[in-house]
Amino acid sequence: MKVGFIGTGSMGSLLIDAFLSSGALEPSEVLAANRSPNRLLQLQKRHPGLSTRSNRETAAESDIVFICVKPLQFKQLTDEIAPCLRSDQIVVSITSPVQLYHLESVLPSKIAKVIPSITHCVKSGTSLCIFGSRLHKEDRLVLLQLLSFIGVPEEIPESHTRIASDFSSCGPAFLSYFLERWIEAAVEATGIDEQLVSRLAGEMLLGTGKLLTEGSFTPQELQERVAVRGGITAEALNHLRISLEGVFERLITTTHDKYDEDVEKLDELFGCSGIIQSPIDH
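The structure displayed is predicted, hence computed values, not measured ones.

Participant: Help me out: how do you make sense of the state of the cysteines in this one?
Facilitator: Linking two cysteines covalently via their sulfur atoms produces the bond known as a disulfide. Overall, the coordinates contain 0 disulfides when judged by the stated rule. Take cysteine 121: it sits in no disulfide, and the sulfur closest to it among the cysteines is that of cysteine 68, at 14 Å. Classification of cysteine 121 by relative accessible area gives partly exposed; the value is 45%. With no disulfide of its own, cysteine 129 lies closest to cysteine 68 among cysteine sulfurs, the gap being 14 Å.

Participant: Explanation requested: the packing of aromatic side chains in the structure shown.
Facilitator: Any two aromatic rings considered together are summarised by their centre-to-centre distance and by the angle between their planes. As enumerated under the stated definition, the model contains 4 aromatic pairs in all. Aromatic side chains phenylalanine 5 and phenylalanine 19 sit 6.2 Å apart centroid to centroid with 40 degrees between the ring planes, which places their arrangement in the tilted category. One end of the pair, phenylalanine 5, is in strand β1 (residues 3-6); the other, phenylalanine 19, is in helix α1 (residues 10-22), with 14 residues separating them in the sequence. Here phenylalanine 5 falls in the buried class, since its relative accessible area comes to 0%. Judged by its relative accessible area of 0%, phenylalanine 19 falls in the buried class. On the numbers, 5.9 Å between centres and 50 degrees between planes, the contact of phenylalanine 19 with phenylalanine 66 is tilted. Here phenylalanine 19 is found in helix α1, whereas its partner phenylalanine 66 is found in strand β4 (residues 64-67), with 47 residues between them in sequence. Just as phenylalanine 19 is buried, phenylalanine 66 falls in that class too. A connected cluster of aromatic rings, assembled from ring pairs, spans Phe5, Phe19 and Phe66.

Participant: What is the right way to read the pattern of salt bridges from this model?
Facilitator: Once the charged atoms of two side chains with opposite charge are near each other, the side chains can pair. Across all of its chains, the model carries 11 salt bridges by this definition. Residue aspartate 139 pairs with lysine 110 through a salt bridge whose shortest N-O separation is 3.0 Å. Residue aspartate 139 is located in helix α6 (residues 137-147), and its partner lysine 110 is located in strand β6 (residues 110-115); the two are separated by 29 residues in the primary sequence. Lysine 110 shares its class with aspartate 139; the two are buried. A salt bridge links glutamate 261 to lysine 265, with the nearest nitrogen and oxygen atoms 3.3 Å apart. Of this pair, glutamate 261 and lysine 265 both sit in helix α12 (residues 247-270), separated by 4 residues, roughly a single helical turn. Judged by relative accessible area, which is 35%, lysine 265 ranks as partly exposed.

About the cut-offs
Residues numbered from 1 in each chain as written. Predicted model: local features only at pLDDT ≥ 70, side-chain atom pairs only at ≥ 80, totals over all residues. Heavy atoms only, no water. Disulfide = S-S within 2.5 Å. Buried < 20%, exposed > 50% of the residue type's maximum accessible area, 1.4 Å probe, protein only. Phe/Tyr/Trp six-rings, centres within 6.5 Å; stacked < 30°, edge-to-face > 60°. Helix = DSSP H or I, 4+ residues; strand = E, 2+ residues; numbered from the N terminus. Salt bridge = Lys/Arg side-chain N within 4 Å of Asp/Glu carboxyl O.

Structure representation (structure tokens):
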């Protein structure tokens, strides 16, 4: 099986690195295309045996093609590669605002959307999977098996792409920002070593994730176990509840507004009338 990647920027190269380091793919099975020759040379140095091609060659020679470019670059790229694609190939977009109907309207191939996460660097996290109407059961299994090497694939409806991505894809940045501010405050207030408290925070986050995924705890149950009534944690937790009132609602509104704006721009580029609506607008 040949797996192609058109676009080897931050997420495209992350996926290639994760698939190869996990053993999901061998370098000889990977084709990569990028407008920057330097990026391709770096990939080849890291993974001897990996082949580089043009966009059209990558599209034509791959069984599965991952498109890893920015949203507004999709129309130009699909115009370029459409004549090289076949109906038996699988084309996978990793860009959330690009809708299945955008790609199915211009490409002859089977279409899927997979939203990856930076956590795949450590073979963890969730890959969000949205499958188009042309994929058969066997095609889905091929993709799910491939993605299972680098994390946990989870099939979702396309209408939930944005909100699910807030957690699986954007979440590491949101949580890291919270920890960054907390660590800065701790160092300033107490003089604790920054590297030490950063390790403590990382191990705490790892353990908390395991409690939520493997320990059968819900977030509320975890709070109740840790925050003893009248204790230090309960007092601080109450402060957080008051201070963060409305923050998460505004966060969701912000990500959805940007997503809807990008979908509208893509609708114009692909000549499609908008046929979806953000769930928070209902």
